[in-house]
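# Structural features, examined
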Amino acid sequence: MAITVLFFGQLVEITGSGELLICETAGIEDLTDTNEKQETNVLTSAKQKTVTNQIIDTRQISGTKELKELLLSRFPRLADIVFNIAVDTVIIEEDTRLKPGSIIALLPPFSGG
Amino acid sequence: MSEQMKNIFIKGKITADFIADSISKHQSKTNIGAHSIFLGQVRADVIGGNKVVAIDYTTYEEIALSKMHEIRELIFAKYSLTCMHVYHSLGTVKAGEVCLFVFTSSKHRKAATEACSETVELIKGGLPVWGKEIFDDETHQWKINN
């Protein structure tokens, strides 16, 4: 299962990216296969991209609570900011089941106007 | 409400010409007796010796536009309005420039003024928009709405 996580506002500074793909372990082999076919310099940049924009985790992330735990362990400074979570553009209050392809957004306090 | 979801976002500042055009477009609607306009302007606050020179706005557009649609429906259900227009800037807006334009019109003044005021509050609290205050020394901080 692969899910996409979007970060907004000050959260982008903590994670270093506005978008993160989370895959299960199975995804690693696919990536390695692709990388091996590339030249060395391409391989390096592909690896860097993987590090920046992708988390490959052995756990199965089935809900938002588990996802939040994974993100907090990866980016501890997220704990300093209050944020809401939206699943497929709906802001949720409770642990919500995630489907393959779900888009999850982390929304810090709004400051428009 | 059958009205389509409108895009409220404008890249950069909202110009005085844009606002003037918007006002003049209402001259043909002679059932209107009152307009109320709110303009949000970027303030050059001084924080810790640094002056805010601009605010850089970003949004999560998918949620913002559906939320704005909800706000519009709520306001139209509550007040007897003829029309309502909302524009919010994205990207960089310098101090002194306008970043939010809310324009309500009605037959009598009370509906227009109250609807305008409530819409501004709902936008400030409910739209997923984030403002990054840029200081004159190129540092920044994230805006906090009161």
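In what follows, the accompanying structure is described.

### Some remarks on the overall build of chain A
- Secondary structure summary: chain A contains four helices and six strands in total.
- Each helix (α) and strand (β) of chain A, taken in turn from the N terminus, gives the series β-α-β-α-α-β-α-β-β-β.
- For chain A, the proportion of its 113 residues judged to be buried stands at 40%.
- Across chain A, the fraction of contacts at a sequence separation of at least 24, relative to all contacts at a separation of at least 6, is 58%.
- Taken as a whole, chain A presents about 6500 Å² of accessible surface, with 52% of it coming from carbon and sulfur.

### Let's talk about the overall build of chain B
- Helix and strand content of chain B: three helices and eight strands.
- Computed over the C-alpha atoms, the radius of gyration of chain B is 16 Å, within 12% of the 15 Å expected from 2.2 N^0.38 for a compact globule of 146 residues.
- Relative to all contacts within chain B whose residues are 6 or more apart in sequence, the contacts with residues 24 or more apart total 76%.
- Approximately 7800 Å² of chain B is accessible, and the part contributed by carbon and sulfur atoms is 50%.
- Here chain B contributes 17 positive and 17 negative side-chain charges, whose respective centroids are spaced 7 Å apart.

### Comments concerning the packing of aromatic side chains
- In the structure shown here, the tally under the stated rule is eight aromatic pairs over all chains.
- Ring geometry for Phe8(A) versus Tyr60(B): centroids 4.7 Å apart, planes at 25 degrees, classification stacked. Of this pair, Phe8(A) sits in the loop between β1 (3–7) and α1 (11–15) while Tyr60(B) sits in the loop between β4 (50–59) and α2 (61–78), each in a different chain.
- Judged by its relative accessible area of 12%, Phe8(A) is buried.
- Geometrically, the ring pair formed by Phe18(B) and Phe101(B) is edge-to-face, given 6.4 Å between the ring centres and 80 degrees between the ring planes. Taken together, the positions of Phe18(B) in helix α1 (residues 16–24) and Phe101(B) in strand β6 (residues 98–106) put the pair 83 residues apart, joining distant regions of the chain.

### Observations regarding a negative patch on the surface
- Residues Glu66(A), Glu93(A), Glu94(A) and Asp95(A) make up a contiguous surface patch of negative charge.
- Judged by its relative accessible area of 78%, Glu93(A) falls in the exposed class.

### Focus on the environment of Glu66(A)
All names here are of chain A.
- Positionally, Glu66 belongs in helix α4 (residues 64–74).
- Of the residues examined, Glu66 reaches a relative accessible area of 33% and is grouped as partly exposed.
- Leaving out residues up to four positions away in the same chain, Glu66 has contacts with Gln60 and Ile61.

### Focus: unusual backbone geometry
- In this model, Thr89(A) sits at a positive phi of 70 degrees, which is unusual for a non-glycine residue.
- Relative to the elements of secondary structure, Thr89(A) occurs in the loop between β4 (84–87) and β5 (90–92).
- By relative accessible area, Thr89(A) is classed as partly exposed at 35%.
- A positive phi is found at Glu138(B), a non-glycine position, where the angle reads about 70 degrees.

### Comments concerning the packing of α2(B) against helix α3 (residues 109–126) of chain B
Residue and element names in this part refer to chain B.
- For the pair α2 and α3, interaxial distance at closest approach is 10 Å and the crossing angle is 155 degrees. Comparing the axis directions of α2 and α3 gives the class roughly antiparallel. Considering how the two elements wind past one another, α2 and α3 form a crossing that is right-handed. Here Lys67, Met68, Ile71, Leu74, Ile75 and Lys78 of α2 lie close against α3, whose contacting residues are Ala115, Glu118, Thr119, Leu122, Ile123 and Gly126.
- Here the residues of the contact of α2 with α3 are counted per class, giving seven nonpolar, two polar and three charged.

What counts, and at which threshold
- Residues numbered from 1 in each chain as written.
- Chains lettered and ligands numbered in written order.
- Predicted model: local features only at pLDDT ≥ 70, side-chain atom pairs only at ≥ 80, totals over all residues.
- Heavy atoms only, no water.
- Helix = DSSP H or I, 4+ residues; strand = E, 2+ residues; numbered from the N terminus.
- Buried < 20%, exposed > 50% of the residue type's maximum accessible area, 1.4 Å probe, protein only.
- Contact = heavy atoms within 4.5 Å.
- Areas by Shrake-Rupley, 256 points an atom, 1.4 Å probe, with all protein chains shown as cover.
- Rg over C-alpha atoms; globule rule 2.2 N^0.38 Å.
- Lys, Arg positive; Asp, Glu negative; His and termini not counted.
- Charge placed at Lys NZ, Arg CZ, Asp CG, Glu CD.
- Phe/Tyr/Trp six-rings, centres within 6.5 Å; stacked < 30°, edge-to-face > 60°.
- Patch = residues over 30% accessible without salt bridge, like charges linked within 9 Å, V, L, I, M, F, W, Y side chains within 5 Å.
- Salt bridge = Lys/Arg side-chain N within 4 Å of Asp/Glu carboxyl O.
- Axes fitted to C-alpha atoms, helices over the stretch in contact; angles between N-to-C directions.
- Parallel < 35°, antiparallel > 145°, perpendicular 65-115°, else oblique.
- Left-handed = near helix turned anticlockwise from the far one by under 90°.
- Nonpolar A, V, L, I, M, F, W, Y, C, P; charged D, E, K, R; others polar.

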